[in-house]
Structures are given as structure tokens and as C-alpha cells.
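# Working through the structure, step by step
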Amino acid sequence: MSDETPKPEALVKVDYKPPRKGWMDTKPDISRGNINWAAIPKSVEYLGLPYPRKWSPTDDDWQLPENWKEIILEGLRERLSKYRSLQLFMDICVRCGACADKCHFYIGSGDPKNMPVLRAELLRAVYRKEFTLAGKIMGKIAGGRELTIDVIKEWYYYFFQCTECRRCSVFCPYGIDTAEITMIGRELLSLIGIGIDWIVTPVANCFRTGNHLGVQPHGFQDSIDFAVDDLKDIIGFKVDAPVNKKGAEVLFIVPSADYFGDPHYFGLLGYMMLFHEIGLDYTFSAYASEGGNFGLFHSHEMMKILNAKIYHEAERLGVKWILGGECGHMWRVLNQYMDTMNGPADFLEVPVSPMTGTRFENTRTTKMVHITEFTSDLIKNNKLKLDKSRNDHWRITFHDSCNPARAMGILEEPRYIIRNVAENFFEMPENTIREETFCCGGGAGLGTDENLEMRMRGGLPRANAVKYVHDKYGVNVLTCMCAIDKAVLPTLMEYWVPGVEVGSIHELVGNALIMKGEKERIVDLRNEPLPGKEAVKDV
């Protein structure tokens, strides 16, 4: 934790009093702790994006192209024509304020421009000035605003304080998806060479090696082999974990964090135990070694390109269908955009579980099943032997990751799994979970260190709900099924709710799973003693 980050007792004192000046006349505080660093030229060039250069958002001169205004307006004109939803979102908002207090960044910062309605107004006001008759004639009186360099800087500041979580959209009486407006705002900024590095560089890595972290195919193989060896120490034998196996029934896709860092890694071990135990004929791909799609945070075109690699690998390896691990944005892309971008995937079969015979009709076009759907179906059909007591050291709550929850409606499956692999499960307050779940505060490419203060502000509502169950029920682990959540929630917990760990659904599954031929289990997947086995481990 940076020494520059305010202490929790200071950060929690949020001033909700709006500035005396009007919103158009109030400039943002573009300073370290609240912004993300600019994309590095090397990554911009690699992707063929416009205007690569070394610049900083704290500079006075952002080195924009001379015709930057023309580029932005033409880009907006093109997208208004291409996306009917954008045209509707620009026109139908009545500024009722139903979304105003629903954004975690507004709750945590008190900045009126983090109200979704006002953040969208940053783009909408320019639209009115340039594309409506009233705005062209009456300007500010009609809600129009001149597009200036200061406006561009404001766009950068606030469109990269939106995690595209879509909580505000749940409460909008007109169904306006403010995340879509943020996506368009970011696309427009990219046209003039403005982007953040923790989006552009991961995308460049994904183009080059198939994953956001830049892990090469042999490195991926090494990571899987390492996990196999780790599991052998825990269960007493080697599991099967094939990579690039042609003709397997199922292609399994995971986010790269699963084989790179904690606590994601413990969920990877759980997957591998599960698949070995049920005898699933599956394969990893060392080339489609990333389920996450940072293209969602950059542009529609980038999202389409990155999603395609999964299906290219499925076709090359000759699998029947695809199974996907615990990731967030992978599933939003698959569920909301796949059919119009890349699909339908008619060369694959509608997924059928070889263990239960369940036909997953909800995946008829994408041919891709979510891991919690698959595992909950196994449990329901009594295909797994489970020992709940192996998770008795955990007192568990569950964070509905925004994209699987709001974008896919996967609400019951993870809870069903948790209740079948553990005894001690406690829900957070109902207005903070399920469709109304609060975001982790670091999604959409904002999970960096340089904007740590804003991340902690944005994560305050989620942390507050965790603190409630921590104080009331002794909750000591926050489970979730999104790679970004698992990356940013540990820091959030350390800051706001010390003593609460972060874990995955399939870590709990792996702990509880009784495998044929396993040795006496004395440790969990974190290599910590199982309940009642502390003395045995010390021997």
C-alpha cells in the first residue's frame, strides 16, 4: 500500500456537497492516485493504433494531433450511425437521477461527475452541441457544450473512473446502459491516441502471445506442469492436464491470472482435480491461453478480435464444445456480444455434459458453458463425493462479480456450489448482491497501483458490505468468480477489512472433493492445514 494513499479513517469521510460552480466550469483534479498512466508507445504501435507517443495525463500538453476535434466528431458521427443504442442513449435520458447514487465511484468520492447521469452528460452535451438543431442554435442554453481540450481531459479522467459494471443501468427507468456510453467515450479517445497502459499493453500482449500477461506457449505449459506437481504433493498422485490435445471433447479456457498468481491459482488446482476425478476429455490451449477480454475496455473492434481466438483454437483442435473458467469480462463478451461479433459458432456442437447428459440449451449459439453451470449440474446429479468439513476453516461470503451476475444472470449456481461444499456461508445485505451487486472498484482496466486512492474509494461500498458480515458472522473469506475481482479485492480487503481473504468457488470445490486414490488429505489447496489436521502437518 502506497504511503501516499490516505488512511481509511480519512478516506471514509466523503464530502457529498457539490461545488459552487456549475459542472461545465469545474475542472477535475488530474493527479496521481486518481488516474491511470498513459499507454506506452510500444504497445500502441504494436496494435497499429493512432498517434503513438510518450505523454502523461499530468502534462499540460497532451500532444494531440492538429485535427483532433475533427477526428472526434467524425468518430462520434460514425458511431451514432452504426449503433442505434448510442443514438437512443443520447436522446432519451431525462436526467431523473435514479442512477445518481448507484455508482460506487460516486459513493466513494462524492464527485458529482461520477454520478452515471453526469458522466454520460460529458459526452451527451457535446452531442447536443454538434448534432442537434437546438444545440447548434442555442448552445449551452439547450445543454450543449463546445468540444475543447479541457473537455477531452475531462473525458479521460471520468471515462477511466467507470468500471463498466452496469449497476446504474439496473435502476434506469429507460434502460440506458451507461457502460456502453463509457465504451464509446473510450473508443473516441483512442482515435486521437489517448488510452491507458493497463488496457493497451495487456491487449498487445494478447495479440502477441494469446494472453494478457505475455506468457509464451512454453511458459504456459510450464505453469500447468507446475500445478500438476503441486497437486501431487497434496493428493498423492498426478492428475491429467493435457495442453493442445487435438480431438478432445472439450476446450477449457481460463483467464491468465489462474496460472500466474494467487488467489486465482488455487481455483486452477480445483478445476484440474475436478476434471481428473470425473474423467473429462478436455484440453487447455497454449495459444488461446486467455479467457479475459480487455478489448471490452478499449473498443468494439478489439473485443471482437480477441474473442475470435477462442473459437479459432476450438476449430483447430477439433473439439466439440467449450468450457470456460471463472472470469468476468470473458462471459460478458460471450453472452452479450458474441452472436453479433463472431458467432454463432455453428462448427461446434450444443454442449452436453458427458457425465450427466444435461444439454446446455442456453449456450446453443456460443457453444460455451460457464464452469459454475457445469459443476452445479454435476453436484445436482450426485456425480461428486464431497466433504464439507474440509472447508470448516472458512466462514464464507460471496461477491457477485458484475459481468457473470448482471450480464449473464448467473446468480444461483455459485451459491448452490458453495452450500454443497461448505457449511458456513453468509450473504451480504440484499441491496449489495445479485443484480444489485457492487463492483470491486478495479474492473475495466482500472486495477492499477497509480490510481490506488480512487480504487479504494470505488471499492468502499463493496468493502462496507463485507465488513458487515465480517463483524456480524466472523466471515474470513470473500469468494468470487472473476479474475479481476481476485486481483483487486485482496488489496481492498487489506485496506478496508483486514482479516478477510479472497478465494474462488473452485478452490472450495477442490478442498471438499474426495478423489479416488487420494492420500490422506491434511492440507487445503493453499497448503494450509485442514481443520483438525494441524498436528499432522507439523509432524
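In this text, all values refer to a predicted model and were calculated from it rather than measured experimentally.

Each value, and the rule that gives it
Residues numbered from 1 in each chain as written. Predicted model: local features only at pLDDT ≥ 70, side-chain atom pairs only at ≥ 80, totals over all residues. Heavy atoms only, no water. Axes fitted to C-alpha atoms, helices over the stretch in contact; angles between N-to-C directions. Helix = DSSP H or I, 4+ residues; strand = E, 2+ residues; numbered from the N terminus. Parallel < 35°, antiparallel > 145°, perpendicular 65-115°, else oblique. Left-handed = near helix turned anticlockwise from the far one by under 90°. Contact = heavy atoms within 4.5 Å. Nonpolar A, V, L, I, M, F, W, Y, C, P; charged D, E, K, R; others polar. Pairing = 2+ DSSP bridges. Polar contact = N/O pair within 3.5 Å; in protein donor to acceptor, adjacent residues only side chain to side chain. Patch = residues over 30% accessible without salt bridge, like charges linked within 9 Å, V, L, I, M, F, W, Y side chains within 5 Å. Areas by Shrake-Rupley, 256 points an atom, 1.4 Å probe, with all protein chains shown as cover. Salt bridge = Lys/Arg side-chain N within 4 Å of Asp/Glu carboxyl O. Domains from an automatic or database assignment. Buried area = accessible area lost by both parts, 1.4 Å probe. Phe/Tyr/Trp six-rings, centres within 6.5 Å; stacked < 30°, edge-to-face > 60°. Buried < 20%, exposed > 50% of the residue type's maximum accessible area, 1.4 Å probe, protein only. Expected span 1.5 Å × (residues − 1). Right-handed = clockwise from strand over helix to strand, strands pointing away.

## Concerning the packing of helix α8 (residues 149–159) against helix α10 (residues 178–191)
The contact between α8 and α10 brings their axes to 10 Å, and the two run at 130°. Taken as axis vectors, α8 and α10 run oblique relative to one another. For the crossing formed where α8 meets α10, the hand is left-handed. Residues Ile152, Trp155, Tyr156 and Phe159 of α8 form the contact with α10, whose participating residues are Thr182, Gly185, Arg186, Leu188 and Leu189. The residue makeup of the contact of α8 with α10, split by class, is six nonpolar, two polar and one charged.

## As for the sheet that holds strand β6 (residues 477–480)
With parallel pairing, the three strands of this open sheet are ordered in space as β5-β6-β7. Every other strand in the sheet has two partners, leaving β5 (396–398) and β7 (501–504) as the edge strands with one partner each. Within the sheet, the average angular offset between the axes of one strand and its neighbour, ignoring direction, is 35°. For β5 and β6, the ladder comprises three bridges, and the chain directions are parallel. Bridge assignment links Ile396 to a residue of β6, and that residue is Val477.

## A closer look at the side chain of His399
Here His399 lies in the loop between β5 and α17 (402–407). Side chain to side chain, His399 and Arg462 meet in a polar contact 2.9 Å long. For His399, the contacting residues outside a window of four places in its chain are Met428, Thr437, Phe438, Cys439, Cys440, Arg462, Leu478, Thr479, Cys480, Asp485 and Leu489.

## Quick notes on a nonpolar patch on the surface
A grouping of Leu133, Ile137, Met138 and Ile141 is seen on the molecular surface, where their side chains present a nonpolar patch of about 500 Å² in accessible area. Inspection of the secondary structure assignment puts Ile141 in the loop between α7 (133–138) and α8.

## Some words on the domain arrangement of the protein
Domain annotation for the protein reports domain 1 (18–195) and domain 2 (203–533). Domain 1 and domain 2 are separated by 32 Å when their C-alpha centres are compared. In this assembly, 36 residues from domain 1 lie in contact with 39 residues from domain 2. When domain 1 packs against domain 2, the two sides together hide about 3,100 Å² of surface, and 59% of this comes from carbon and sulfur.

## Considerations on the packing of aromatic side chains
For the structure on display, the rule yields 23 aromatic pairs. When the ring of Phe220 is compared with that of Tyr259, the centres are 4.8 Å apart and the planes differ by 85°; the resulting orientation is edge-to-face. Placement of the pair is Phe220 in helix α12 (residues 217–235) and Tyr259 in the loop between β1 (250–253) and α13 (264–278), with a sequence separation of 39 residues. Classification of Phe220 by relative accessible area gives buried; the value is 1%. Both rings, one in Phe426 and one in Tyr473, keep their centres 4.8 Å apart while their planes meet at 10°; by these two values the pair is stacked. Placement of Phe426 in the loop between α18 (412–421) and α19 (452–458) and of Tyr473 in helix α20 (residues 460–473) is noted, with a sequence separation of 47 residues between them. Judged by relative accessible area, Phe426 falls into the buried class, the value being 16%.

## Points about helix α14 (residues 300–317)
The end-to-end C-alpha separation of α14 is 27 Å, in line with the 26 Å expected for 18 residues at 1.5 Å each. Within α14, the full set of buried residues consists of His300, Met302, Met303, Leu306, Asn307, Ala308, Lys309, Ile310, Tyr311, Glu313, Ala314 and Leu317.

## Considering the pairing of β7
Two elements, β6 and β7, share four bridges in a ladder whose sense is parallel. Residue Leu478 lies in a different strand from β7, and its bridge partner there is Val502. Handedness of the crossover joining β6 and β7 through helix α21 (residues 483–496): right-handed.

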